[in-house]
Amino acid sequence: MPKVSQEYLDARRAEILTAARRCFVRDGFHETSMQDLLAEAGMSSGSVYRYFPSKQDMIIAIAEENLAEVVHEARRQAERRPAAGAGAAIADLFEVIRAKHAENGFAAIALLTWSESLRNPTLAERLRTALTEATADLATIVREHQDSRRLPPDATPDSLAQLITSTVPGYILQLATLGPDAVDGLPDAARALWPTPEAP
């Protein structure tokens, strides 16, 4: 039998997860059966089980993808310092989340994941790790702002970053439940609240 390339395996895995996302966004985690997932993917049970032995494995994989995208964007913003300030970082993060939601139901999956993490210790641990990483990256941006005296000197970068990170779930909640129009002005509001420091 010819050897299957890693690229092919990765593509098949991504195809299964894309189909699973559609099912989960449409019907939720618990109302979606493995038969639903197989039908949506258009694959046999053997093909799907090769990558994901259970529906729970698909849920964790999709949740990890969502979390990784947020952490990656937070890290990208941290690496842009000092050109981008906290407001620009938050605004860009909001816009990336909105684009991802239009592409694959990102915000809806996030809400489902948060709910599932209350009963799934593995998912809860992944969520804690991702939030810790995202907060640490944003703390780097906040520290730059403190140095430029744009933010209160008596507040720690970690606590301010935690405050900023806490705004992201609120944005996601509004995006998922109220729709894109409801969050139109939030990126500009973030830029206005935390303006980019002027160059010396």
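Residues numbered from 1 in each chain as written. Predicted model: local features only at pLDDT ≥ 70, side-chain atom pairs only at ≥ 80, totals over all residues. Heavy atoms only, no water.

Caption draft 1: Quick look at the overall build of the protein chain. On a plain count of helices and strands, the protein chain comes out with nine helices and zero strands. A burial count over the protein chain gives 44% of its 200 residues as buried. Restricting the contact set of the protein chain to residue pairs at least 6 apart, pairs at least 24 apart contribute 69%. (Helix = DSSP H or I, 4+ residues; strand = E, 2+ residues; numbered from the N terminus. Buried < 20%, exposed > 50% of the residue type's maximum accessible area, 1.4 Å probe, protein only. Contact = heavy atoms within 4.5 Å.)

Caption draft 2: Local environment of the nonpolar core. In terms of nonpolar packing, the biggest core is built from 26 residues, with Ile90, Ile97, Ile164, Val168, Tyr171, Ile172 and Leu175 touching the most fellow members. Looking at this core, the elements with two or more residues in it are α5 (86-104), α6 (106-117), α7 (121-147) and α8 (157-178). Here Ile97 is in contact with Phe106, Val168, Tyr171, Ile172 and Leu175, once residues within four sequence places are set aside. Grouped together as the second largest cluster of nonpolar side chains are 24 residues, Phe24, Tyr51, Met58 and Ala61 included. (Core = buried A, V, L, I, M, F, W, Y, C linked by side-chain atoms within 4.5 Å.)

Caption draft 3: Region of interest: the pattern of salt bridges. One pass over the full model with this rule turns up 13 salt bridges. Here Glu65 ties to Arg21 by a salt bridge, and the two come within 3.6 Å at their closest N and O atoms. In this pair, Glu65 is assigned in helix α4 (residues 55-79) and Arg21 in helix α1 (residues 6-27), connecting sequence segments 44 residues apart. For Arg21, a relative accessible area of 5% corresponds to the buried category. (Salt bridge = Lys/Arg side-chain N within 4 Å of Asp/Glu carboxyl O.)

Caption draft 4: Molecular detail of the packing of α5 against α6. Running from N to C, α5 and α6 point in directions that differ by 95°, and their axes come no closer than 6 Å. Put simply, α5 runs roughly perpendicular to α6. Judged by residue contacts, Ile97, Lys100, His101 and Asn104 of α5 engage Phe106, Ala107 and Ala108 from α6. Looking at side-chain class alone, the contact of α5 with α6 contains four nonpolar, two polar and one charged residues. (Axes fitted to C-alpha atoms, helices over the stretch in contact; angles between N-to-C directions. Parallel < 35°, antiparallel > 145°, perpendicular 65-115°, else oblique. Nonpolar A, V, L, I, M, F, W, Y, C, P; charged D, E, K, R; others polar.)

Caption draft 5: The arrangement of the side chain of Thr165 in detail. Residue placement: Thr165 occurs in helix α8. Given the relative accessible area of 9%, Thr165 is considered buried. When near neighbours in sequence (up to four residues on either side) are disregarded, Thr165 contacts Leu131, Thr135 and Leu138.

Caption draft 6: Examining the packing of aromatic side chains more closely. Scanning the entire structure with this criterion turns up two aromatic pairs. Geometrically, the ring pair formed by Phe24 and Phe29 is edge-to-face, given 4.9 Å between the ring centres and 90° between the ring planes. In this structure, Phe24 and Phe29 share a single accessibility class: buried. Ring centres of Phe94 and Tyr171 lie 4.1 Å apart, and the angle between their planes is 5°; on these two criteria the pair is classed as stacked. Note that Phe94 is positioned in helix α5 and Tyr171 in helix α8, a separation of 77 residues in sequence. Given a relative accessible area of 5%, Phe94 falls into the buried group. Exposure remark for Tyr171: the relative accessible area of 1% places this residue in the buried category. (Phe/Tyr/Trp six-rings, centres within 6.5 Å; stacked < 30°, edge-to-face > 60°.)

Caption draft 7: The UniProt feature "DNA-binding region" (unreviewed entry) in the protein chain, seen in detail. What UniProt calls "DNA-binding region" (unreviewed entry) maps, in this numbering, to residues 33-52. Measuring from the first to the last C-alpha atom of residues 33-52 gives 14 Å, for a span that is 65% helix and 0% strand. (UniProt positions renumbered as here; feature names shortened; annotations may be inferred.)

Caption draft 8: Examining the confidence of the model for the protein chain more closely. Of all residues in the protein chain, 88% have pLDDT values of 70 or greater, and the mean over the chain is 84. Mean pLDDT across the elements of the protein chain ranges from a minimum in α7, with 80, to a maximum in helix α2 (residues 34-41), with 93. (pLDDT = per-residue confidence, 0-100.)

Caption draft 9: How the structure looks around the packing of α5 against α8. The N-to-C vectors of α5 and α8 enclose an angle of 30°; their axes lie 11 Å apart at closest approach. As the angle between them shows, α5 and α8 are arranged roughly parallel. The hand of the α5/α8 crossing is right-handed. Residues Ala86, Ile90, Leu93, Phe94, Ile97, Arg98 and His101 of α5 pack against Ile164, Thr167, Val168, Tyr171, Ile172 and Leu175 of α8. Classifying every residue of the contact of α5 with α8 gives ten nonpolar, two polar and one charged. (Left-handed = near helix turned anticlockwise from the far one by under 90°.)

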